[in-house]
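Tertiary structure, described
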Amino acid sequence: MADPLDTFKIDYSSGLPVWIQVKNRIAYLIGAGAYQAGDRLPTVRALAVNLDISYNTVNRAYMDLEREGYITTRKGRGTFVAEQREIGAARATDTPIELLIDDMIRACNGAGLSDEDIISMVRARIAYKAYRGE
């Protein structure tokens, strides 16, 4: 059976950091059911080689996924998809953009911003981009 990540390609023109692209793709595949609870993920080193990116980039994505409860690492055994009860808010309908927005909201909340502050800042950025004709 082919690994769901075999067809994944990094989009260097997207403006998204590579580690976030990797993280979002794995979270999406878990939410969509391409990876089931208990499935073994590629090793950090193997995925880095497959995607032709740095080991540290993949490691950062895996560490974030583990912190958010998507995956678990078992010393000497590998990295596995977490049981459903451990997984946060990922849904099969979450797109990579929605996952990015979730990351942004978590980062803003972590910086002390309220949901209302975040909405105000996003509206201000949209207005600014419209003003500049972007």
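Before any of the text, the structure's been laid out above.
Described in the following lines is the structure provided in the data block. (Residues numbered from 1 in each chain as written. Predicted model: local features only at pLDDT ≥ 70, side-chain atom pairs only at ≥ 80, totals over all residues. Heavy atoms only, no water.)

Moving on: the overall build of the protein chain. Assigned secondary structure in the protein chain consists of five helices and two strands. Dimensions of the protein chain, computed from C-alpha atoms along their principal axes, come out at roughly 50 × 30 × 25 Å. Partitioning the contacts of the protein chain with sequence separation of at least 6, the portion at a separation of at least 24 is 56%. For the protein chain, the computed accessible surface area is about 8500 Å², with 55% contributed by carbon and sulfur atoms. (Helix = DSSP H or I, 4+ residues; strand = E, 2+ residues; numbered from the N terminus. Contact = heavy atoms within 4.5 Å. Areas by Shrake-Rupley, 256 points an atom, 1.4 Å probe, with all protein chains shown as cover.)

A few words now on the packing of helix α2 (residues 44-51) against helix α3 (residues 55-67). At a minimum axis separation of 8 Å, α2 and α3 run at an interaxial angle of 125°. The orientation of α2 relative to α3 falls into the category oblique. The way α2 lies across α3 gives a crossing that is right-handed. On the side of α2, the interface is formed by V44, R45, L47 and A48, while α3 contributes Y55, V58, N59 and Y62. Residues belonging to the contact of α2 with α3 are distributed by class as follows: six nonpolar, one polar and one charged. (Axes fitted to C-alpha atoms, helices over the stretch in contact; angles between N-to-C directions. Parallel < 35°, antiparallel > 145°, perpendicular 65-115°, else oblique. Left-handed = near helix turned anticlockwise from the far one by under 90°. Nonpolar A, V, L, I, M, F, W, Y, C, P; charged D, E, K, R; others polar.)

The biggest cluster of nonpolar side chains holds 24 residues, and the ones touching the most others in it are V22, I26, L47 and Y62. Elements that contribute at least two residues to this core include exactly α1 (18-31), α2 and α3. (Core = buried A, V, L, I, M, F, W, Y, C linked by side-chain atoms within 4.5 Å. Buried < 20%, exposed > 50% of the residue type's maximum accessible area, 1.4 Å probe, protein only.)

This part takes up the packing of helix α4 (residues 96-110) against helix α5 (residues 115-131). Closest axis-to-axis distance for the α4/α5 pair is 10 Å, and the angle between their directions is 120°. With respect to α5, the element α4 is oriented oblique. As α4 runs across α5, the sense of the crossing is right-handed. Two secondary-structure elements touch here, α4 through M104, I105, C108 and N109 and α5 through D115, I118 and V122. Each residue belonging to the contact of α4 with α5 can be placed in one class, and the counts come to five nonpolar, one polar and one charged.

All chains considered together, the criterion is met by zero aromatic pairs. One residue, R74, lies across the ring of F80, its end atom 4.3 Å from the ring centre. (Phe/Tyr/Trp six-rings, centres within 6.5 Å; stacked < 30°, edge-to-face > 60°. Lys NZ or Arg CZ within 6 Å of the ring centre and 35° of its normal.)

The side-chain alternation of strand β2 (residues 78-81) yields two buried faces, one formed by G78 and F80 and the other by T79 and V81. Relative to β2, strand β1 (residues 71-74) runs antiparallel, the two being bridged by four bridges. Opposite R74, over in β2, you have G78 as the bridge partner. (Pairing = 2+ DSSP bridges.)

Backbone geometry places D52, a non-glycine residue, at a positive phi of 60°. Structurally, D52 can be placed in the loop between α2 and α3.

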